[in-house]
Amino acid sequence: MGKVTGFLEFERLEEGYEPVEKRVKNYKEFVIGLKPEEAKIQGARCMDCGTPFCNNGCPVNNIIPDFNDLVYRGDWQNAIEVLHSTNNFPDFTGRVCPAPCEAACVLNINNDAVGIKSIEHAIIDRAWAEGWVKPQPAAVKTGKKVAIVGSGPAGMAAAQQLARAGHDVTVFEKNDTIGGLLRFGIPDFKFDKSHIDRRVKQMEAEGVVFKTNTIVGEMPKGSKVTNWAKDTVSPEQLKQDFDAVLLAGGSEQSRDLPVPGRDLAGIHFAMEFLPQQNRVNAGGKVKDQIMATGKNVIVIGGGDTGSDCVGTSNRHGAKSVIQFELMPQPPEQENKELTWPYWPIKLRTSSSHEEGCEREFAIATKEFIGEKGKVTAVKTVRVEFKNGKFEEVAGSEQILQADLVLLAMGFVNPVNTLLEGFGVEKDARGNAKASTDIGGYQTNADKVFAAGDVRRGQSLVVWAIREGRQAAREVDAFLMGSTTLPR
């Protein structure tokens, strides 16, 4: 598997980036993927472990040692077959997945992990370039009709699997293009949307029908969730017209920060800010676009969405950018003896941070301060985690100038009117209640299933793909009495 002594002979090679001064002037992808020979060397580092923990570290259970070996041996066409056998969209995960597989790599115990994500990226890019990615329409149609609500990675993965099983699949999306938060939440400089577009064309050739600008049910009054729908279809109509319905609408309700001054102008959810720029990049028009140009920007939330706000603000030409994180600063290097093979908590510096950003840890927002109805500053305090809760550090209050505040503290649950419209029971967190046991993903509502963030809560693209694939299997079994789709 790979080269027997490869892990001793070769070092990990990271993908490259275009220089900061060049990439911040546009919204294009700037990662420089591995060349075929470089990917081969990375594949050579794979150790043929007796137990390949990377397989289980990967939510879709990619057969990682096999495609590493195939790349090392130059058999790229079989490598993409192996990769596609578990992952419908490696062009998505090879760009935006944080690679829990690499954290679980056995070589990562006392060395640098195999560059699994960079190999995956190289495989799928070559597969598209060589014309190996082709539609796979079903040889026999079942006559069964499935409606999928939401076109993010969970909905797309389920739609492709069900179409290939022979069902007539229709995907409903409330916005004007397919992709969900993958399209509107992730900036183009991290993920160019052409990768979604060519998958949509592939799926249309496989028989999937996409209905955009169509909302199922209604949005709550005053909702800040992105919604550009022009048409409406009721849950009752879907249940009447289709043999099964899969809810894959994501977890779109942003976590708010109810402190004094929250109603001041200039304070926005990240998911108001980011979708607007993606829409403009695609040639669309946005009325009163939220811009960071020339402003002192404070991003509240230290995760990936906050990082995306940092990168977008820098491209707008922000005067300054500060990112807040409530938790204390994690160590730069994890204790691998304690954390391996699990995802470690350690300091992660994104490409957006490298473009210019001040990061503040163990800090909480006490109040938004404003003049004439508009935010001008943020009052903060340092915090310590004691006795199971955060406590303020006496005398640590400060006031930081802010012309634009972006709330990027994650998502709490799906839009509740969607679940209520179908009569779907919710769990304690407000997500659709549906088990993942065999025969699972089915809700209490007749012939209604749920998968992805709408069921499990805010999570990764790779988890959405896994859930979409697994739910497709359960829908197929429900419709046909048995299934050959992989779980």
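Treat the numbers as computed from the prediction; the structure is a model and nothing was measured.

About the cut-offs
Residues numbered from 1 in each chain as written. Predicted model: local features only at pLDDT ≥ 70, side-chain atom pairs only at ≥ 80, totals over all residues. Heavy atoms only, no water. Core = buried A, V, L, I, M, F, W, Y, C linked by side-chain atoms within 4.5 Å. Buried < 20%, exposed > 50% of the residue type's maximum accessible area, 1.4 Å probe, protein only. Helix = DSSP H or I, 4+ residues; strand = E, 2+ residues; numbered from the N terminus. Contact = heavy atoms within 4.5 Å. Pairing = 2+ DSSP bridges. Axes fitted to C-alpha atoms, helices over the stretch in contact; angles between N-to-C directions. Patch = residues over 30% accessible without salt bridge, like charges linked within 9 Å, V, L, I, M, F, W, Y side chains within 5 Å. Areas by Shrake-Rupley, 256 points an atom, 1.4 Å probe, with all protein chains shown as cover. Salt bridge = Lys/Arg side-chain N within 4 Å of Asp/Glu carboxyl O.

A.B. asks: Now, about the nonpolar core: what can you tell me, with residues and values included?
C.D. replies: By size, the foremost hydrophobic cluster in this structure holds 67 residues, and its most contacted members are Phe67, Phe92, Ile123, Ile148, Met156, Val169 and Val208. Here the element with the most residues in this core is helix α20 (residues 461-480); it accounts for eight residues. Every residue in contact with isoleucine 123, bar those within four places of it in the chain, is listed here: Phe67, Val71, Trp76, Ala79, Ile80 and Leu83. Listed in part, the 18 residues of the second largest apolar core include Phe242, Val424, Ala432 and Ala445.

A.B. asks: How would you explain the sheet that holds strand β20 (residues 448-450) if you had to name every residue and give the values?
C.D. replies: Strand order in the open sheet made by the five strands is β5-β4-β3-β8-β20, with parallel pairing throughout. On the outer flanks of this sheet lie β5 (209-211) and β20, each paired with one strand and no other. Recorded for the sheet is a direction-independent mean angle of 20° between the axes of neighbouring strands. Where strand β4 (residues 168-172) and β5 come together, three bridges link them in parallel fashion. Of the residues in β5, the one forming a bridge with threonine 170 is valine 209. α20 rests against β3 (145-149), β8 (244-247) and β20 of the sheet, and its axis sits at about 165° to β8.

A.B. asks: Can you tell me about a nonpolar patch on the surface, naming the residues and giving the values?
C.D. replies: On the surface, Leu326, Met327, Phe385 and Phe390 cluster together into a nonpolar patch covering about 360 Å² of accessible area. Within the element layout of this structure, phenylalanine 385 appears in strand β15 (residues 374-386).

A.B. asks: Could you give me a rundown of the pairing of β3, with the residues and numbers involved?
C.D. replies: Of all five residues in β3, four are buried; the element is thus mostly enclosed. For β3 and β4, the ladder comprises five bridges, and the chain directions are parallel. Counterpart to valine 146 in the pairing with β4 is valine 169. Looking at chain direction, β3 and β8 are connected through four bridges and run parallel. For isoleucine 148, the partnering residue across the bridge sits in β8 and is leucine 246.

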